Amino acid sequence: MTNPQEELAPDSRAATARSVPSGGVRRKWTGALTGQFWVVWGATLTNQLGSMVIPYLSYYLTQEQNVSLSVVGLVLATSGFGGIISQLCGGLLVDRIGYRATMMLGMTGTGVFLFLLGAVDQVALIAVFAFLVGLAAEMHRPASASMIAAHYAPADRPKAFGLLYWAVNLGYAFSMVFGGSLVRHGFTLLFWVNSVACVVAGLLVWFMGRPTSRPTAAPKRPETSDAPSGSYLDVARDRLMLAYLGSWFAYGVVFCQGLSTLPLAMKADGIAPSTFGYVMATNAVVIIMVQPVASPLLSRLDHSHVLIGGILVLGVGYGATALVSTPVGYAVTVAVWTLGEVAVSSVNQAVIASLAPPSLRGRYFGLYGMTWSTAALAAPLMGTWLLQWRATGLWAVCVLLCFGAAAGQWLLVPKIRERSAMTRLAEAAG
């Protein structure tokens, strides 16, 4: 690991990739990741440790606010809509004001809006602040992704993205357990702890993520490394990016079945809701154990091939769900598709970084995030409709979608390699 006080200049990517010694276990697994990355990593973990309110929001609204189920659905939909446009806003802000300011605004804003959400009791205000929470909560994702893309060599990006994904899952697993304990003492404490965690995370990025020094050989540049230019229309005109996102959308629809229709399928097999939590814990356990080891290894392979393999494994895992009916069987299928998730999450954002012009990275990651949020909304609509018809039909469609997404990625391999080479040349020249 390099000196935590040393800020990596955007122009020193190639030099950094060559300067990392091969010896040392810690260097082998972390590459050239500097102190700036670990600040963002720590802030992401802290922010995720406090992500307790939204999973319990429906309980809060029905038990504390005594609102009807239809109102609960409206509030949750309002928050979800805010989440869809959140990453678009975050991507725009990254290209305008930089990743550090965007992460600070998103995280601290989430904390403030969560506090206000827990303080109001009028339904209209609850809906407003639920929307604002959703709007602010995802802004940090394109910001952190853009930081990694701007400051690290292509060889180091998969490691960074994989470790960041690991932090998200580690924090989420802890927050679910901690949140359950806090709820026993009242929802007010839950809102307070979540709010404080988000504000602390934002302040951590703002004060500790500030560049302190740069290598003298590289010219000083703004944090975003390129003057802001272009718009989302430029991203929409990129046919390669749109084709990539189409494949990504199909993958996301399948992936999100785990939190939408999988519990309904288990219920149809007579499995108690409480058991679903233990089955899904398999997902967190596999990610926490496998991701830190797998990401450095997968980063050495062709990213497109890793992506295709991960999509296929996820499809096989979900397809195997049609063959099981016991908690152990479901847990095994979750473990299988989680391995696919680990592979995909290790390289997919690195691929997007190779497709995006430096000045539009924030917007590229923002559109990528919006595609994922849209897939999360489409997943239960498709899944519940197919589940009503036949469970085996649902899992068969999941397999077909994944195979289709993998085939799409395979067709894009030559174009992605060509674009990646052009992006590297532009980075080296810039």
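A quick note: this is a predicted structure, and the numbers were derived from the prediction, not measured. (Residues numbered from 1 in each chain as written. Predicted model: local features only at pLDDT ≥ 70, side-chain atom pairs only at ≥ 80, totals over all residues. Heavy atoms only, no water.)

**Q** Looking at this structure, I do not really get the overall build of the chain. What am I missing?
**A** When helices and strands are tallied, the chain shows 19 helices and zero strands. Out of the 430 residues in the chain, the part that is buried amounts to 52%. Here the analysis covers contacts within the chain between residues at least 6 apart in sequence; of these, 85% occur between residues at least 24 apart. On the chain, roughly 18,300 Å² of surface is accessible, and the fraction owed to carbon and sulfur atoms is 69%. (Helix = DSSP H or I, 4+ residues; strand = E, 2+ residues; numbered from the N terminus. Buried < 20%, exposed > 50% of the residue type's maximum accessible area, 1.4 Å probe, protein only. Contact = heavy atoms within 4.5 Å. Areas by Shrake-Rupley, 256 points an atom, 1.4 Å probe, with all protein chains shown as cover.)

**Q** Where do I start with the side chain of serine 346 in this structure?
**A** By the secondary structure assignment, serine 346 is in helix 17 (residues 327-355). Contacts of serine 346, omitting those with residues within four sequence positions, involve Pro158, Gln291, Ser295 and Leu298.

**Q** Got a minute to help me understand the packing of aromatic side chains in this structure?
**A** Remark: the centre distance and the inter-plane angle together describe each pair of aromatic rings, the angle taken between the planes. Applying the stated criterion across every chain yields a total of 17 aromatic pairs. Each ring, one from phenylalanine 37 and one from tyrosine 152, has its centre 6.5 Å from the other, and the planes form 90°; the classification is edge-to-face. Of the two residues, phenylalanine 37 sits in helix 3 (residues 35-49) while tyrosine 152 sits in the loop between helix 8 (140-151) and helix 9 (157-183), which places them 115 residues apart along the sequence. When its relative accessible area of 0% is taken as the criterion, phenylalanine 37 is described as buried. With 6.0 Å between their ring centres and 25° between their planes, tryptophan 41 and tryptophan 166 make a pair best called stacked. Residue tryptophan 41 is found in helix 3, and its partner tryptophan 166 is found in helix 9; the two are separated by 125 residues along the sequence. You can call tryptophan 166 buried: its relative accessible area is 18%. (Phe/Tyr/Trp six-rings, centres within 6.5 Å; stacked < 30°, edge-to-face > 60°.)

**Q** Just to check I follow, could you spell out the environment of proline 154 for this structure?
**A** With respect to the helices and strands, the residue proline 154 is situated in the loop between helix 8 and helix 9. Under the relative-accessibility criterion, proline 154 is labelled buried at 18%. Between the C-alpha atoms of proline 154 and arginine 424, which are 270 residues apart in sequence, the distance is 8.3 Å. Ignoring anything within four residues of it in the chain, the contact list for proline 154 reads His303 and Arg424.

**Q** Even after reading the chapter, I still don't get the pattern of salt bridges, so can you show me in this structure?
**A** A side chain of one charge can pair with a side chain of the opposite charge when the charged atoms of the two come close. In this structure the tally under the stated criterion is five salt bridges. As a salt-bridge pair, arginine 363 and aspartate 95 come within 2.9 Å of each other at their nearest N and O atoms. One end of the pair, arginine 363, is in helix 18 (residues 361-389); the other, aspartate 95, is in helix 5 (residues 69-97), with 268 residues separating them in the sequence. Take arginine 363 and aspartate 95: they sit in the same class, and that class is buried. (Salt bridge = Lys/Arg side-chain N within 4 Å of Asp/Glu carboxyl O.)

**Q** What exactly am I supposed to notice about helix 12 (residues 239-255) here?
**A** Note on helix geometry: an α-helix contains 3.6 residues per turn, so any two residues three or four positions apart are oriented the same way. For helix 12, with 17 residues, the first-to-last C-alpha span of 24 Å sits near the 24 Å given by 1.5 Å per residue. For helix 12, the set of buried residues is Leu240, Met241, Tyr244, Leu245, Ser247, Trp248, Ala250, Tyr251, Gly252, Val253, Val254 and Phe255. Near the N-terminus of helix 12, the side chain that reaches the backbone nitrogen of leucine 240, with its oxygen 3.1 Å away, is that of aspartate 238. (Expected span 1.5 Å × (residues − 1). Polar contact = N/O pair within 3.5 Å; in protein donor to acceptor, adjacent residues only side chain to side chain.)

**Q** Can you walk me through the packing of helix 8 against helix 18 in this structure?
**A** Between two packed helices, the angle of one axis relative to the other and the distance separating the axes together describe the packing. Across the interface, helix 8 lies against helix 18 with an axial gap of 9 Å and an inter-helix angle of 135°. By the angle between their directions, the pair helix 8 and helix 18 is classed as oblique. Between helix 8 and helix 18 lies a crossing of right-handed hand. Across the interface between the two elements, Pro142, Ala145, Ser146, Ala149 and Ala150 of helix 8 pack against Arg361, Gly362, Phe365 and Gly366 of helix 18. Tallied by class, residues from the contact of helix 8 with helix 18 come to five nonpolar, three polar and one charged. (Axes fitted to C-alpha atoms, helices over the stretch in contact; angles between N-to-C directions. Parallel < 35°, antiparallel > 145°, perpendicular 65-115°, else oblique. Left-handed = near helix turned anticlockwise from the far one by under 90°. Nonpolar A, V, L, I, M, F, W, Y, C, P; charged D, E, K, R; others polar.)

**Q** Can you walk me through helix 16 (residues 303-319) in this structure?
**A** For helix 16, with 17 residues, the first-to-last C-alpha span of 24 Å sits near the 24 Å given by 1.5 Å per residue. Burial analysis of helix 16 places 12 of its 17 residues in the buried class, the great majority of the element. Backbone nitrogen of serine 304 and a side-chain oxygen of the N-cap are separated by 3.1 Å at the start of helix 16; the cap is aspartate 302.

**Q** What is the right way to read the side chain of asparagine 283 from this model?
**A** Here asparagine 283 lies in helix 15 (residues 273-298). By relative accessible area, which is 10% here, asparagine 283 ends up buried. For asparagine 283, the residues in contact, after removing those within four places along its chain, are Asn169, Val334, Trp337, Thr338 and Glu341.

**Q** Where do I start with the nonpolar core in this structure?
**A** Note on soluble globular proteins: their nonpolar side chains tend to be buried together. In this structure, Phe37 and Tyr244 are the most contacted members of the largest nonpolar core, which totals 82 residues. With 12 residues, helix 17 is the single largest residue contributor to this core. Look past the residues within four positions of phenylalanine 37 in its chain and what remains in contact with it is Met147, Ile148, Tyr152, Ala160, Leu163 and Leu164. The next biggest cluster of nonpolar side chains, apart from the first, holds 21 residues, and it includes Met52, Ile126, Ala130 and Val133. (Core = buried A, V, L, I, M, F, W, Y, C linked by side-chain atoms within 4.5 Å.)

**Q** Please clarify how the environment of aspartate 156 should be interpreted in this entry.
**A** Tracing the backbone through its elements, the reader meets aspartate 156 in the loop between helix 8 and helix 9. Residues aspartate 156 and proline 296, spaced 140 residues apart in sequence, show a C-alpha to C-alpha distance of 8.5 Å.

**Q** Sorry if this is basic, but what is going on with a nonpolar patch on the surface here?
**A** A contiguous nonpolar surface patch, about 300 Å² in accessible area, is contributed by Phe115, Leu189 and Trp192. Within the fold, tryptophan 192 resides in helix 10 (residues 187-208). (Patch = residues over 30% accessible without salt bridge, like charges linked within 9 Å, V, L, I, M, F, W, Y side chains within 5 Å.)

**Q** What should I look at first to understand the confidence of the model for the chain in this one?
**A** Do not read the fine detail of predicted coordinates wherever pLDDT is low. Chain-level pLDDT for the chain is 82 on average; 87% of the residues reach the 70-or-more range. In the model, residues 1-23 has pLDDT below 50 throughout and makes 50 contacts with residues more than four positions away in sequence or in other chains. Note that residues 212-228 has pLDDT below 50 and, in this model, 33 contacts with residues that lie over four places away or in other chains. (pLDDT = per-residue confidence, 0-100.)

**Q** Quick question: what am I supposed to make of the state of the cysteines here?
**A** Here, disulfide denotes a covalent bond that connects the sulfur atoms of two cysteines. Within this structure, the stated rule accounts for zero disulfides. Left unpaired, cysteine 398 is separated from the closest cysteine sulfur, that of cysteine 402, by 6.9 Å. (Disulfide = S-S within 2.5 Å.)

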